[in-house]
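# Secondary and tertiary structure notes
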Amino acid sequence: MPPTPGTLKKPVPTHFLCIPLAASPAARAQLAASLSAFRSDVCASPAAGGFDVPFDAVRPVGTVHLTLGVMSFPTPPPPPPPRGRTDAVSGGGSGGGDADGSGSEGEAQRSEEGGPRSAGLQRAREVLAGIGLRTIWREVVRGRQGDAVRRLEGMAQGRVGTGLVKKEGHEQEEEREREREEEEEEEGERPRITLRGLASMQPAEKAAVLYAPPVDQFGLLQAFCEKVRDVFKEAELMVDEDRPLLLHATVVNTTYVKGNRGEGGGSRGKGGRGRRGGKKWERLVFDARGIIDRYEDQVWLENMPLDKVAICRMGATKIMVNGEEDEAYEVEAEVNF
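Residues numbered from 1 in each chain as written. Predicted model: local features only at pLDDT ≥ 70, side-chain atom pairs only at ≥ 80, totals over all residues. Heavy atoms only, no water.

In the annotation of an unreviewed UniProt entry, the entry for the protein chain reads A-kinase anchor protein 7-like phosphoesterase domain-containing protein, and the organism field reads Thermothelomyces thermophilus.

A word on helix α1 (residues 25-42). For α1, spanning 18 residues, the distance from its first C-alpha to its last is 26 Å, which sits close to the expected 26 Å at 1.5 Å a residue. Every buried residue of α1 is listed here: Ala27, Leu31, Ser34, Leu35, Phe38, Arg39, Asp41 and Val42. Taken end-on, α1 shows its buried residues confined to a sector of 160°, consistent with a single buried face. Exposed positions of α1 whose direction lies more than 90 degrees from the buried face are Pro25, Ala26, Ala33 and Ser40. Where the residues of α1 are buried, they touch β5 (192-196), β8 (249-253), α6 (289-294) and β9 (299-305). (Helix = DSSP H or I, 4+ residues; strand = E, 2+ residues; numbered from the N terminus. Expected span 1.5 Å × (residues − 1). Buried < 20%, exposed > 50% of the residue type's maximum accessible area, 1.4 Å probe, protein only. Arc of directions from axis to C-beta. Contact = heavy atoms within 4.5 Å.)

Quick look at the confidence of the model for the protein chain now. In this model, the protein chain carries a mean pLDDT of 78, and residues with pLDDT of at least 70 account for 66%. Confidence over residues 85-116 falls short of pLDDT 50; this stretch has 36 contacts with residues more than four positions distant or in other chains. Of the regions scoring below 50 in pLDDT, residues 261-279 engages in 43 contacts with residues more than four places distant in sequence or in other chains. (pLDDT = per-residue confidence, 0-100.)

To continue, consider the packing of aromatic side chains. One pass over the full model with this rule turns up six aromatic pairs. Both rings, one in Phe224 and one in Phe337, keep their centres 6.2 Å apart while their planes meet at 50°; by these two values the pair is tilted. Separated by 113 residues along the polypeptide, Phe224 in helix α5 (residues 220-234) and Phe337 in the segment after β13 (331-336) bring together distant segments of the chain. Look at Tyr295 and Trp300: their rings are 5.8 Å apart centre to centre, the planes differ by 20°, and that puts the pair in the stacked class. With a relative accessible area of 8%, Tyr295 lands in the buried category. One aromatic cluster is present, built from ring pairs that chain together Phe38, Tyr295 and Trp300. The ring of Phe55 carries Arg39 above its face, with NZ or CZ at 4.9 Å from the centroid. The residue whose ring lies beneath Arg59 is Tyr256, and the NZ or CZ to ring-centre distance is 3.7 Å. (Phe/Tyr/Trp six-rings, centres within 6.5 Å; stacked < 30°, edge-to-face > 60°. Lys NZ or Arg CZ within 6 Å of the ring centre and 35° of its normal.)

A few words now on the pattern of salt bridges. Note that side chains of opposite charge can pair when their charged atoms are close. For the structure on display, the rule yields 13 salt bridges. Asp287 is paired through a salt bridge with Arg289; the nearest N and O atoms lie 2.6 Å apart. According to the relative accessible area criterion, Asp287 is partly exposed, its value standing at 36%. Of the residues examined, Arg289 reaches a relative accessible area of 45% and is grouped as partly exposed. (Salt bridge = Lys/Arg side-chain N within 4 Å of Asp/Glu carboxyl O.)

In C-alpha cells:
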C-alpha cells in the first residue's frame, strides 16, 4: 500500500556540501585564536564576567565551515547471497536498489576501505570533481559588472526623461571605468571570506545555536555558493530545502553538550546548563543577548581566500593537529579552487 500523502519521512542527512574554513594554516591560526579567546570569555562564570556557557557548546576549530547544502546517502546493505548459499558473496545479481532508486545500476560501490558506498555518493563525488569553481566565480563577478552598468544607464535615462541636463557624464564614465577595473581584478582572484559579528538561529533569549555570518556587502559570496549548490540540486543530489541558503559558521551549538537536555521546558536558567533525566528531552537553550551584544563587531576570520569545496560526512571525529586535540568531519571528496 502506498504511503498516505503527508506521511513520507524526510530523508535523514548523511553528508553535506561545504566550504571548510580551517583549510589553510593561516586560517586555522586565526580561527583557533578567536575561538580560544571566545571560549575563555563566555564559558566563565557570571562572577568572572562570563556567561556560563557549557565548554562543549563552543565548536572545535576543525569543524567550522559554511554549509551549502545537505545530502542523504544511506550506506546500502550488502547484497543477499544467492539462493542455496549461506556464505556472503559479492554478487551482481538483482539485489535491491540504492536509496536513490537507481536499481541495478545503483549497486553499491566500494570505498577505499572496502566498505559499501551508495551510488548517490559516488555520483556526488563525480559532480564535485567536474565542477568549475573558477568559472562559476567569473560568472558571478561578470553578472555584478553587468548589474552595475545597467544601474548607471538607468540613472542616466532617468535624468534625461525628467528633462534634467546630465552634468555628471564624465564622472559617471569614470565610475563605470572603476567598476570595470575592480571586476577585472576580482576575476583573477577568488572569493575571500571574513566572518564578523554573532547571531542566533533562534530568538536570542532562548538560543541554542550561535553563528558568525560572513561579510558579503555585494552578495558575491552568496551568489557563488548558490550557484555551486545549484549544480548539485540540478543533479538531484540535495535534500530538498524550502528555506533560502543562509551562509553561517556555527560557533556555539548546545547539541554537543553532554546531558544537555532537561525534562519539560528544558534548561532556561541563568547559566543555561541542562540536566539529564525524564522521558521528554528538549534542547538546552540559554539567553544569548549579552553574548551577541559583546561580540557584535568580533572578527573571527579575516580575508581568507576560499581554498576548496568539500563533501563531508555528518558527525565530527576526534583528530590531533600539531599535537593538540581537535575535531573534524570526514572528507569524502574535495576540489580546490
